[in-house]
Structure formats: C-alpha cells, structure tokens
Amino acid sequence: MNTTERLYYSDSHLVEFDARVVSVSRTTDGRAAVALDRTAFYPTGGGQPCDTGALGAARVVDCVEADGDAVLHVVEGEAPGVGAEVRGRVDWPRRLDHMQQHTGQHILSQAFVELYGAQTRSFRMTEDACEIDVDLTEPSDERVERAVRRANEIIWDDRTVRVHSVTPDEAARLPLRKDSAREGELRVIEIEGFDFSPCGGTHARSTGEVGCVVARHWERAKGLARVTFAAGGRAVADYRRANRTARAVAALFSVGRDEAAEAAARLQEENKQLQRRLRAAEETAARAEARELYEEALSSEGGDGQAVVVARAFEGRDAEGLRRLAFALASRPNAVALLGAVDGGAARLVFARSADARGDMNALMREACATLEGRGGGRPDLAQGGGRRTDRLAEALDAAAAAVRGENH
Ligand SMILES: [Zn+2]
C-alpha cells in the first residue's frame, strides 16, 4: 500500500484537487476502495468523521485510513481505473461543519484549562452532536457557561490558527495542552496567544470562522463532566430547534416564549393540587357509597353475628376505585366486600373484609380467578386479582358470596 500525500494538512480549505489512482481494492461489502497519490479528503480519525464528495464520476461515501499511511476512498458508482488522473471534490458544507466543531473543541477545551485547569480527556463528533469529557471538579451550569463565554471571546477575537510541523524535541519546548502518542514529526495546531495542541484534523484559518460555540447540556459521566456542545452552523441550527420548541410550548399557554417554563411549572403545581382535591373527593364518595351498600346489605341479611356481604360488579371502574370502595366497606363492622369490575377488556376483583369478619379472602380470590382464567391472591383480609373471562365475572362473585355465607352459617 502506498503513502497518500495529505493535502488537507497544509490547506484545510482546499476542496478541488487532481490526483492519480494508485490502486483500487474492494471493501468487505464489495464496494470499490480507491487509493490516490494525494488527497484533500479527511479520513475518519481523531474523533472527527470523514469527508464525503466526488471522485471523477463516482461518489465518495466513506474515507478511511489504511495500512502504510494510505487513505482509502470508498466510492459508489463507476470507480476510476488504476493509473487514471481524476479530479476530487470535497463536500464543502460538511467539511466546514467539521472544521467549526473541531476548532471549536480546541478553543472550548483550552477555555476549561485556562479557567479551571480542567483537561479534556476525550472528544466525540457525530452527525448531530459533539461531546467532550472534561476533568472538571464541581461541574455546574455556571462553570460550564463561563468556559463557553471565554471560548466565544476567543472566537470573536478572530485569532489566527497556525499549523506547525515540529520534531519531538521542538514539541517538548511548546506549551502543549495534551501530549501526543505519535512518534516522529508532530503536527501542532496553534491558536494565537491561547492554545497549542497536537492534532491531525482539519481546522479553521482563524477562530472567527468557528462563528460561535454553545453548550447544550452537561452531565456527570465516569467521574468527568460530559459537555455536549455545538459550534458555528450547528449552534445556529440548534438555536432554531430550541426556539421552535420553546415557542410551541409558549403557544400552549398563550404566554411569551421566555415565560413558558414558568407557565408550565404553574400548571404542574395546579395539577398537583387538583389531584389532591380529587383524591379527597373520591375518598368521601367511596365512604358514602360504602355506607349505602352496607346498609342495603344489612337490611336483607346480616345480624345475629352473620357477616354483611356486599358482592357487586361495576362497569368501567378502575382498580384504584375498586380498592378504595373495598377499604371503605372493610372499615365497617363485620363486613365482607366482594367487588368486581370490567375495565379495559379484563375482569378485575378486589376482596376485603373487616378485622372482625371471618373468611379467607386469599383462598376465595384464588378460586374466583380460576373461574376467570386469570391470576390473583393476597392476604386473609385483602386479596386482588383478575382474568380475561369477563363473561364469568357475575358467576365468580356469586360463588365467592355463597362461600362466605356458607362459612358464616
Ligand atoms: Zn484538531
């Protein structure tokens, strides 16, 4: 494999170039991989995704490092033949985006160092997000925002970005932000009066080209602060999305965009209060309903030490409502509540008894659930269950009621 001359090392703004095809191989999935004597295409590496573009009539969809310091251009369409002279064209909007994110990362990372002595341990760039893991003690919104403010100052200073090729000895004398693992000649990126950092990526000519940098959010990850940020065009696109979301939320409350969070918090608080009031009202209603059902049952049975059995099926009552009523009934003397409901296409059961009533609700529930072809159980004084045979709900309740009455006789 040959060594490919990297044109992007000396000119990151070069988008068109002529080159000769050195070899054409096949990737494992059968696509053509073209090696050139020189290239302006940046291959995936150093946390930065590759460039895309065109090679003659073919489309460059991927670009990777290969053995022997070669760059492979994975193409779709008709691949050029070995020895052919081809014109390469790098997709500029994508390259500019990568340069903005990448140079923005250098600046933001150095801002964390300058302000807090906090080193960046890793960097990742994907199609829609950039992350740095910063060794920042006591991370907070304020500390992150201060670093972002400093980074933007550097950007708006429009400082020159220089690329140096240095020997390891020369590198040792530079105030490098991080050490390089590479041997031999080293590529060092200087941001005038601010940062020296070894890097093989593509960078802006001056910091102004980065436009701006924003932090979307941060979180703790593996003892570090993981800061998600966006620079340049991405920051503007992110603003557009965030603004659209904020305005959509504000419209729901008929308030200004910046009042939306407060309006949402207010609504949530109101909702909590309503929930509390609703629960209180439901308790009251359950007690009243329980009294009525209990007295009705008492007039037809009970007395002489016999349990007052309330066996009843309801339509569309949820589990919580059923439980509430069962508890209210069980708080009355010598009562047994055998309640069922059809809810969401399934049969539900709650059996409860007061402390002074006899009967094993768990055993009754198991039997009833067998009838409903479902499952359930619980304690001697409280059991719950259900099943899919909604058509046998009345049958299951009747059987349970008969069993209780039999036991009480
Ligand atoms: Zn870099």
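Structure shown above.
Basis of the calculations
- Residues numbered from 1 in each chain as written.
- Predicted model: local features only at pLDDT ≥ 70, side-chain atom pairs only at ≥ 80, totals over all residues.
- Heavy atoms only, no water.
- Donors = N, O, S within 2.8 Å, 3.2 Å for Na, K, Ca; no water.
- Tetrahedral: all angles 85-135°; square planar, octahedral: opposite > 155°, others 65-115°.
- Helix = DSSP H or I, 4+ residues; strand = E, 2+ residues; numbered from the N terminus.
- Buried < 20%, exposed > 50% of the residue type's maximum accessible area, 1.4 Å probe, protein only.
- Polar contact = N/O pair within 3.5 Å; in protein donor to acceptor, adjacent residues only side chain to side chain.
- Contact = heavy atoms within 4.5 Å.
- 1 Å grid on protein atoms, 1.4 Å probe; cavity = no way out; pocket = protein on both sides within 12 Å on 5 of 7 lines; lining within 4 Å.
- Points joined across faces, edges and corners; volume = space filled by probe spheres on them.
- Nonpolar A, V, L, I, M, F, W, Y, C, P; charged D, E, K, R; others polar.

Peer 1: How should the coordination of the zinc ion be read in this particular structure?
Peer 2: Reference values for angles at a metal are 109.5 degrees in the four-donor tetrahedral case and 90 or 180 degrees in the six-donor octahedral case. Bound to the zinc ion on the protein side are His-102 (NE2), His-106 (NE2), Cys-199 (SG) and His-203 (NE2), at distances that span 1.9 to 2.2 Å. With four donor atoms in place around the zinc ion and angles of 96 to 122 degrees between them, the coordination shape is tetrahedral. Along the chain, the residues donating to the zinc ion fall in the pattern H-x3-H-x92-C-x3-H. Remark: His-203 occurs in the loop between strand E13 (195–198) and strand E14 (213–221) and His-106 occurs in helix H2 (residues 92–116); sequence separation between them is 97 residues. When its relative accessible area of 3% is taken as the criterion, His-106 is described as buried.

Peer 1: When you look at the side chain of Thr-4 in this model, what are you seeing that I'm missing?
Peer 2: Here Thr-4 is to be found in the segment before strand E1 (5–6). For Thr-4, the side chain forms a polar contact with the main-chain nitrogen of Val-71, separated by 2.9 Å. Not counting residues up to four positions away in its chain, the partners in contact with Thr-4 are Leu-36, Asp-37, Arg-38, Thr-39, Asp-69, Ala-70 and Val-71.

Peer 1: What is the right way to look at the layout of surface pockets in this model?
Peer 2: Regions of empty space are outlined by a rolling probe, equal in size to a water molecule, passed over the atoms. Looking at the second largest pocket, its volume works out to about 150 Å³. In this structure, the second largest pocket is lined by 15 residues; those nearest its centre are Ser-10, Ser-12, Val-163, His-203 and Arg-205. For the lining of the second largest pocket, the secondary-structure elements that each account for two or more residues are helix H1 (7–10) and strand E11 (161–166). Across the lining of the second largest pocket, the residue classes tally to five nonpolar, six polar and four charged.

Peer 1: Whenever I open this one, the environment of Gly-340 confuses me. Can you help?
Peer 2: Within the secondary structure, Gly-340 is located in strand E17 (residues 335–343). On the basis of relative accessibility, which here comes to 0%, the residue Gly-340 falls in the buried class. Separated by 139 residues in the primary sequence, Gly-340 and Gly-201 have C-alpha atoms spaced 69 Å apart. For Gly-340, the residues in contact, after removing those within four places along its chain, are Arg-312, Ala-313, Phe-314, Leu-322, Arg-348, Leu-349, Leu-393 and Leu-397.

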